[in-house]
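An overview of the molecular structure
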Amino acid sequence: MRYATSALIVLAFGSVAVAGSGDHLRSEVLRKAALSAGLVPPEDTHIFVPPSQIAAGRLVFQSRKLSLENEIACASCHLDRFGSADGIPNAIGTDGRGEGTSRLMNGGDIIPRNAMPFWGRGGKGFDTFFWDGRVDASVTPMKSQFAGEEPSEDPFVVAVHLPPVEIGEMILDVNSNQSLQRESVASAQAVYGLLAARLRDDPVIGPALASASGKIRSEIEFVDVAEAIAGFIRHNFRVKPTRFHDFVFSDASLMPDELAGGLLFYGKGRCSACHNGPYFSDMRFHAIAFPQAGFGRNGFGVDYGRFNVTQDVDDLYKFRTPPLYNVSKTAPYSHSGSVYRLEDAIRSHVDPLAVADAGSMSAAERAGFYGALKHWVDEAAFGVHLDEVEISQLSTFLRTLEYDSDQPVIETE
Amino acid sequence: MALAQPLWKLGVMRVNQTQFSDLTYKCDLAMRGHMIAKLDVGQRPSEQSVAELRAAEIELIACQDYDLMRKRLGRWGLSDNELSEMALVAIEDRASDLREVVRIHEIRY
């Protein structure tokens, strides 16, 4: 009876809802905020890649011959159906089989971080790579594990050098590979030599690499392979026009919830404090107290993040701000993939205790979580209150950043 | 007839109270956030504090929504007294105990 009365009242008096009012003002505010935060037209982020390099890079990207034991390809964990990531919390490298949940169930070597998608990677100004920024060209000289012996001046080419020599990622974690465990430059060079020889001798990949590098096949080195892979990723996953670009640069309109979400992104949510610039990432390092999934890079449910690279205590629990293109396609989220829903990932930024299940954590995991919380209090997202509707609007806004890659990828022998 | 008008106003208030309460809270939050951001720019000027102020300014759009709703409720015939009553209900919605009510109503100088 009470509800019937309410319904009648609504019919009789109507609501004076304000949603949608003043859309012109809101649109202009949002456009200016996006430009002020560094958004540029997609083409301004592009670096030209010759077609021969794209073709050769795609072949290598899809081939298991890039791994020492012919175990795994880039395309094994960077899949179109998961937005160029793998759809599981911690990546599974060598010995892994299948895709998505079946890969999770089939065992294999666990890499204690979430596989990163490729959108925008290697574009202009994209100079910091991996969750912990272990390749960082935002400073001069560039910093990386090569410690002054970088194989290229292009930081993305340097970044592409790392997965093929990472134990458990593309090299089997077995006794016979113990000499590679040190992951020294010398041991890496030995692996690069073997891989380059195998790939240049391949009847399909060899000629393609020769065409891309302009070298005769016998002179092809691993840096030529890495340049081809980087070229393919750089082109195939380059930033392309999204609905939000159309809104900002071509005066297209957004739906009311998208508009509201955009204003939250640049306003109340404080998202753009870190998710800014052409890629929606400041390329810097921040502590968001996500739950930890898996053993963690530092063990027992702990991942110190950027600290592992710099040994600076201010960097504890910090990770590079992830870019946001196609973020709606790349679940699960966070450095360890501990959060499956985009809405929960957003909530974790402002209200981590609402997402973390402290009761299911071990005491050690909780200690790590408190450590992350300690650093999180200095972040812009601290102290922000977003309700369910606002989190939903933010999620809706982020879906305006979707686009597709040029070519599909598929793992080959 | 004399009874019809108060009933009608009660209907308008009841239908719109939830949204009015939400906007009251959001505007209050935005204004407090803006004040703190402005003070921060003065006390600790930096790129970060300026960016925070810009974000806080965008957040103030919530107050535009609040003001618009007040005006529209006025057009539906609600008086300032009745709008104040709706604002008090909004505050009570968020108050968990008497201390909240005291905080809102105590004289401070």
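Sequence order sets the numbering: in each chain, residues are counted from 1 along the sequence as written. Throughout, the order in which chains and ligands are written sets their labels, letters from A for the former and numbers from 1 for the latter. It should be noted that, the model being predicted, local features are given only for residues of pLDDT at least 70 and side-chain atom pairs only at 80 or more, the latter also being counted only at that level, while totals for whole chains, interfaces and linings use all residues. The basis for the side-chain values is all heavy atoms of the structure; hydrogens and waters are excluded.

1. With respect to the overall build of chain B
Put simply, DSSP H or I for four residues or longer makes a helix, DSSP E for two residues or longer makes a strand, and each gets a number counted from the N terminus. For chain B, the helix and strand inventory stands at 5 helices and 0 strands. Scanning chain B from its N terminus toward the C terminus, one meets helices and strands in the order α-α-α-α-α. Each residue is placed in one exposure class: buried if its accessible area under a 1.4 Å probe, protein chains only, is under 20% of its type's maximum, exposed if it is over 50%, and partly exposed if it falls in between. Burial status across chain B gives 36% buried among its 109 residues. In what follows, residue pairs with any heavy atoms lying within 4.5 Å of each other are defined as contacts. For chain B, contacts bridging at least 24 residues in sequence account for 70% of all contacts bridging at least 6.

2. So, the overall build of chain A
Per the secondary structure count, chain A includes 16 helices and 6 strands. Only the C-alpha atoms count toward the radius of gyration. The rule for a globule is 2.2 Å times the residue count to the power 0.38. A globule of 413 residues ought to have a C-alpha radius of gyration of about 22 Å, and chain A, at 23 Å, matches this closely. Viewed in the frame of its principal axes, chain A has a C-alpha envelope of about 85 × 50 × 40 Å. Summing over all exposed atoms, chain A offers an accessible surface of approximately 17,400 Å²; the carbon and sulfur share of this is 56%. Put simply, chain A has 37 plus and 52 minus side-chain charges, and the middle of one group is 2 Å from the middle of the other. Per-residue and other accessible areas were derived by the Shrake-Rupley procedure at a 1.4 Å probe size, with only the shown protein chains allowed to occlude residues. Charged residues are defined here as Lys and Arg on the positive side and Asp and Glu on the negative side; His and the ends of the chain fall outside this count. Charge positions are represented by NZ for Lys, CZ for Arg, CG for Asp and CD for Glu.

3. Observations concerning the packing of helix α3 (residues 51-62) of chain A against helix α9 (residues 222-236) of chain A
Geometrically, a packed helix pair is captured by the angle between its two axes and the distance between the axes. Residues and elements named next belong to chain A. Each axis is a line fitted through C-alpha atoms, taken for helices only over the stretch in contact, and angles between the N-to-C directions span 0 to 180 degrees. One way to put it is that α3 packs onto α9 with a least axis distance of 7 Å and a crossing angle of 100°. Regarding the angle of α3 to α9, the classification is roughly perpendicular. On the side of α3, the interface is formed by Gln53, Ile54, Ala56, Gly57, Arg58, Val60 and Phe61, while α9 contributes Val225, Glu227, Ala228, Ile229, Gly231, Phe232, Ile233 and His235. Note on residue categories: nonpolar means Ala, Val, Leu, Ile, Met, Phe, Trp, Tyr, Cys or Pro, charged means Asp, Glu, Lys or Arg, and polar means any other residue, Gly included. Among the residues forming the contact of α3 with α9, the class breakdown is 9 nonpolar, 4 polar and 2 charged. Roughly parallel covers angles under 35 degrees, roughly antiparallel covers those over 145, roughly perpendicular covers 65 to 115, and oblique covers all other angles.

4. What to know about the layout of surface pockets
Where empty space is left can be seen by rolling a probe of water-molecule size over the atoms. Residue and element names in this part refer to chain B. Lining residues are those with an atom within 4 Å of a point, where the points come from a 1 Å grid over the protein atoms alone and group into cavities, where a 1.4 Å probe fits but cannot get out, or pockets, open sets with protein on both sides within 12 Å along at least five of seven lines. Grid points are joined across faces, edges and corners, and a volume is the space filled by probe spheres set on the points. In this structure, the largest pocket spans a volume of roughly 1,200 Å³. The greatest single-element share of the lining of the largest pocket, amounting to 11 residues, is contributed by helix α2 (residues 47-59). Split by residue class, the lining of the largest pocket holds 17 nonpolar, 11 polar and 12 charged.

5. Focus on the nonpolar core
The nonpolar side chains of a soluble globular protein tend to be buried with one another. Of all hydrophobic cores here, the largest spans 103 residues; its most connected members are Phe244(A) and Tyr266(A). Broken down by element, the residue count for this core peaks at 9 residues, all from α9(A). With residues near it in sequence (within four places) discarded, Tyr266(A) still touches Leu30(A), Ala33(A), Ala34(A), Ala37(A), Phe244(A), Ser272(A), Phe280(A), Phe397(A), Ala55(B) and Ile58(B). Buried Ala, Val, Leu, Ile, Met, Phe, Trp, Tyr and Cys residues that are joined via side-chain atoms within 4.5 Å together make up what is termed a nonpolar core. With 14 residues, the next largest nonpolar core counts Met13(B), Leu23(B), Tyr66(B) and Met69(B) among its residues.

6. Let's talk about a nonpolar patch on the surface
Residues and elements named next belong to chain A. Here, patches come from residues exposed beyond 30% relative accessible area and free of salt bridges, joined within 9 Å for like charges and within 5 Å for nonpolar side chains (Val, Leu, Ile, Met, Phe, Trp, Tyr). In what follows, salt bridge is the name for a side-chain nitrogen of Lys or Arg lying within 4 Å of a carboxyl oxygen of Asp or Glu. On the surface, Leu104, Met105 and Tyr340 cluster together to form a nonpolar patch covering roughly 340 Å² of accessible area. Positionally, Tyr340 belongs in the loop between β6 (319-320) and α13 (342-350). With relative accessibility at 47%, the residue Tyr340 sits in the partly exposed group.

7. A word on unusual backbone geometry
Residue and element names in this part refer to chain A. Between Thr140 and the following residue, Pro141, the backbone shows a cis peptide bond with an omega angle of -5°. Topologically, Pro141 is positioned in the loop between β4 (135-136) and α6 (155-161). In this structure, the amide linkage connecting Ala331 to the following residue, Pro332, adopts the cis form with an omega of 0°. In this fold, Pro332 is placed in the loop between β6 and α13.

8. A few points about α2(B)
Along an α-helix, residues three or four positions apart point the same way, because every turn accommodates 3.6 residues. Here α2(B) contains 13 residues, and its C-alpha end-to-end distance of 18 Å stays within 8% of the 18 Å for a straight helix at 1.5 Å per residue. For α2(B), every residue scored as buried is listed here: Ser49(B), Leu53(B), Ala55(B), Ala56(B), Ile58(B) and Glu59(B). In this analysis, the expected span of each helix is defined as 1.5 Å times one less than the number of residues it contains.

9. What about the pattern of salt bridges?
Evaluation of the coordinates by the stated rule reveals 34 salt bridges over all chains. Taking the shortest distance from any N to any O, the salt bridge between Lys215(A) and Asp224(A) comes out at 2.8 Å. Judged by its relative accessible area of 8%, Asp224(A) is buried. Across the pair Asp387(A) and Lys26(B) runs a salt bridge whose closest N-O atoms are separated by 3.1 Å. With Asp387(A) in the loop between α15 (363-376) and α16 (388-398) and Lys26(B) in helix α1 (residues 4-43), this pair bridges two chains. The pair Asp387(A) / Lys26(B) is uniform in exposure class, with both members buried. Overlapping salt bridges, with partners in common, bring together Arg113(A), Asp132(A), Arg134(A), Glu166(A), Arg297(A) and Asp303(A) in one network.

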